[in-house]
Amino acid sequence: MSAKQDPWLIFVGFAALYASMAATTAQGGDSSEFMTVAAAFGTPHPPGYPLFTALTWLSVHLLPWGSVAWKASIVASLQAAGALAILFVALRDLTARIPALLAVCALGLSLHFWRYATVAEVFAGGALTAALVLLVCVKIAHGLRGPRAAAALGLALSTGIANHHTVVLLAPLGLFALATL
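Residues numbered from 1 in each chain as written. Predicted model: local features only at pLDDT ≥ 70, side-chain atom pairs only at ≥ 80, totals over all residues. Heavy atoms only, no water.

*Asks:* Even after reading the chapter, I still don't get the overall build of the protein chain, so can you show me in this structure?
*Replies:* Each helix and strand counted, the protein chain has 9 helices and 0 strands in total. Listed by position from the N terminus, the elements making up the protein chain come as α-α-α-α-α-α-α-α-α. Computed over its C-alpha atoms, the radius of gyration of the protein chain comes to 17 Å, within 12% of the 16 Å expected for a compact globule of 181 residues. For the C-alpha atoms alone, the extent of the protein chain along its principal axes is close to 45 × 35 × 25 Å. In the protein chain, buried positions account for 41% of the 181 residues. Taking the contacts inside the protein chain whose residues are at least 6 apart along the sequence as the reference set, 68% of them involve residues at least 24 apart. When the accessible surface of the protein chain is split by element, carbon and sulfur atoms take 74% of a total near 9000 Å². (Helix = DSSP H or I, 4+ residues; strand = E, 2+ residues; numbered from the N terminus. Rg over C-alpha atoms; globule rule 2.2 N^0.38 Å. Buried < 20%, exposed > 50% of the residue type's maximum accessible area, 1.4 Å probe, protein only. Contact = heavy atoms within 4.5 Å. Areas by Shrake-Rupley, 256 points an atom, 1.4 Å probe, with all protein chains shown as cover.)

Okay, here's the thing in structure tokens:
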């Protein structure tokens, strides 16, 4: 297995694991609201979560199999798997392959991460944003500069702005990265 294959294997493995365990019926809390909104392409409670709403609507209307609940939940499964794959790349660049793999597996199999990776919730998207911002910051620390670095950081942060308001908690990391440009 080559180093370039590692993130893809992590993504596929965790996506398959989470998808096999994704909610197939209505869940409590906001998850039920997101499942309903996905079917009707409505607007959930403020701030509206436009990225998650659009992705769940697409999954509900484009996937030919599964319940509406599962189709909406699969979005979080894919986002969580993507977050783990991207986090692996960032950690591998900071440390080494085995410690990065152990850290990603520990996070991916943890109770709360698993829970939000298997229901229609916005928190897996938040994890994806955090992983993207961390990866861009690692790349900046390793020499990425100029407009490409600023654009990558802006794109990473914009996924959070369209997903959940807690992206503001990443602002210090983003400002630090911009200051090092």
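*Asks:* So what exactly am I meant to see when it comes to the pattern of salt bridges here?
*Replies:* Any two side chains of opposite charge can pair, so long as their charged atoms come close to each other. Following the criterion strictly, the structure yields 3 salt bridges and no others. In this structure, the salt-bridge partner of Arg97 is Asp6, at a minimum N-O distance of 2.6 Å. Of the two residues, Arg97 sits in helix α5 (residues 97–108) while Asp6 sits in helix α1 (residues 6–21), which places them 91 residues apart along the sequence. One salt bridge connects Lys139 with Asp93, and the closest N-O pair in it is separated by 2.7 Å. Note that Lys139 is positioned in helix α7 (residues 123–141) and Asp93 in helix α4 (residues 68–94), a separation of 46 residues in sequence. The exposure class assigned to Lys139 is partly exposed, which follows from its relative accessible area of 33%. It is possible to trace a salt-bridge network through shared partners that takes in Arg92, Asp93 and Lys139. (Salt bridge = Lys/Arg side-chain N within 4 Å of Asp/Glu carboxyl O.)

*Asks:* Looking at this structure, I do not really get the packing of aromatic side chains. What am I missing?
*Replies:* Ring pairs (aromatic) are described by centroid distance and by the angle formed between their planes. This structure, assessed with the given rule, holds 7 aromatic pairs. Look at Phe34 and Tyr49: their rings are 5.4 Å apart centre to centre, the planes differ by 80°, and that puts the pair in the edge-to-face class. Taken together, the residues Phe34 in helix α2 (residues 30–40) and Tyr49 in the loop between α2 and α3 (50–62) connect sequence positions 15 residues apart. Accessibility classification places Phe34 together with Tyr49 in one group, the buried group. Members of the aromatic cluster, connected to one another through ring pairs, are Phe14, Tyr18, Phe113 and Trp114. (Phe/Tyr/Trp six-rings, centres within 6.5 Å; stacked < 30°, edge-to-face > 60°.)

Read these as spatial facts, not as claims about activity.
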